[in-house]
2 protein chains.
Amino acid sequence: MDLEEAKKKFIHSWGTLGSQWGINRTMSQIHALLLVSAQPLSTEGIMQDLNISRGNANMNLRALMDWGLISKEHKPGDRKEYFAAGKDIWETARKITAERRKREIEPVLQVLDQLKKESITGGNKEDIMAFQATIQGLDDFTGKANDIVGKFIKSDSNWFYKTLMKLLH
Amino acid sequence: MDLEEAKKKFIHSWGTLGSQWGINRTMSQIHALLLVSAQPLSTEGIMQDLNISRGNANMNLRALMDWGLISKEHKPGDRKEYFAAGKDIWETARKITAERRKREIEPVLQVLDQLKKESITGGNKEDIMAFQATIQGLDDFTGKANDIVGKFIKSDSNWFYKTLMKLLH
DNA sequence: CTAAACTTTCAATACTTTCTGAAAGTTTAT
DNA sequence: ATAAACTTTCAGAAAGTATTGAAAGTTTAG
């Protein structure tokens, strides 16, 4: 298979995965493109490879910078900015996980924690009990998931990897 | 806080989480509503509680059935269908995880596996090496993640949690 | 200083997804 | 058989998201 074709296939697949996980398709695709590029790419190059506008490229490159997944590089004697993706996939996974935890899990936990503490009025007893049981259960589960995710974020790749392999035995 | 207000808060929060994870907001909200309801609800009741149309309710109830997250119930002497959410949150998490693995992780793994096996032509050596290294790394990582997820899906709730917490100390 | 090279912004537009509601379909009781 | 009760479908409308591209902003070299 031709290298360009293989790249396209991967970029498409990665873009689809991203969009199913609530991440902008173009953002995933730019990330995928940079992951499989031996050299850093300029905005211009990215625009051409993915057939997207300058504004779109700029916006999603910024988002990827915000997530810490790519970095800017400069070539001597060239005013353009070049972008490169971090190539350590564990590190990348940790950054994505950390960002999503902050944006998504933590707000929910906050609501669940608050609701768990509140004293609930105005329904019949059975309804209140059902409500509280559900919130309790979800808060417990979400809290544990959050803890595990926290450990993962702070972990060293090799250690975590070995630990998981032990689990898979 | 009033029970109805507390429910609304939870339903809203759960709906937001769902939509950020690529799940239809209404689907998450119906699920949340059923989670905090002591009694099964009819389509009619769901429509009223969430202010949504019959078509929307029907469509998302079906999706929740497909995911195995809710079940139909019948009351004697009543022709309406009533819906109830499974209340075991670990079981629910396992079902969601299983479904998403099937829909999302496995297709990507298939592409990665295929690309890993392909012999790549038509680029310079450095580019081909970079491409293959990335695919290799991602396939490895995704495969491991997939294995772990598989363990989780098959696991007993307590065993999985205890094991993870022990390993992560 | 200023012009060229480059980056950022954002209003308008295109695209995608979700939702509505009325019509069609199905089931049940009599 | 048929009419009421209920569920499902789906084309069109609405809402939500992503993308464009031209103008504004910034930086650098000379």
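Predicted model, so just to flag it, every value in this text is computed and none were measured.

Relative to chain A, chain B is turned by 180° and slid 0.0 Å along the rotation axis, the superposed coordinates differing by an RMSD of 0.5 Å. Those values place the two copies in the arrangement expected of a two-fold rotation axis.

It is worth spelling out the interface of chain B and chain A at this point. In this complex, chain B contributes 58 residues to the contact, which on the side of chain A involves 58 residues. Summed over both sides, the interface of chain B with chain A buries roughly 5,400 Å², with 73% coming from carbon and sulfur. For the interface between chain B and chain A, the tally reads 0 salt bridges. Across the chain B-chain A interface, the total number found is 16 residue pairs in polar contact (both at pLDDT 80 or more). Only α1 (3-20), α5 (89-117), α6 (125-154) and α7 (157-168) of chain B provide two or more residues apiece to the side of chain B that touches chain A. The biggest single contributor to the side of chain B that touches chain A is α6(B), with 15 residues. In the side of chain B that touches chain A, the residues fall into 31 nonpolar, 14 polar and 13 charged.

Here we come to the domain arrangement of chain A. Residues and elements named next belong to chain A. Taken domain by domain, chain A consists of domain 1 (3-85) and domain 2 (89-168). Computed from C-alpha coordinates alone, the two centres of domain 1 and domain 2 are separated by 31 Å. Of the residues lining the interface, 7 residues belong to domain 1; the matching set on domain 2 comes to 6 residues. Between domain 1 and domain 2 we count 0 salt bridges in total. The residue makeup of the side of domain 1 that touches domain 2, split by class, is 4 nonpolar, 2 polar and 1 charged.

What counts, and at which threshold
Within each chain, residues carry numbers counting from 1 in the order of the written sequence. Just so you know, chain letters begin at A and ligand numbers begin at 1, following the order they were written in. Since the coordinates come from a predicted model, pLDDT governs what is reported: local features require at least 70, and pairs of side-chain atoms require 80 or more to be given and counted, while whole-chain, interface and lining totals use all residues. Each side-chain value is derived from all of the structure's non-hydrogen atoms; neither hydrogens nor water enter the calculation. The copies were overlaid with a least-squares fit restricted to C-alpha atoms from residues scoring a pLDDT of at least 70 in each copy. Any pair of residues with heavy atoms lying within 4.5 Å of one another is described as a contacting pair. Buried area: the accessible surface (1.4 Å probe) lost by two parts on joining, summed over both. Salt bridges are defined as contacts in which a side-chain nitrogen from Lys or Arg sits within 4 Å of a carboxyl oxygen from Asp or Glu. As used in this structure description, the phrase polar contact means that two N or O atoms lie within 3.5 Å; if the pair is within protein, one of them must be able to donate a hydrogen and the other to accept it, and residues adjacent in sequence are counted only when both atoms belong to side chains. Each helix is a run of H or I in the DSSP string that is no shorter than four residues. Each strand is a run of E no shorter than two, and both are numbered from the N terminus. Classification used: nonpolar for Ala, Val, Leu, Ile, Met, Phe, Trp, Tyr, Cys and Pro, charged for Asp, Glu, Lys and Arg, polar for all others including Gly. Per the annotation, domain bounds derive from an automatic or database assignment of domains.

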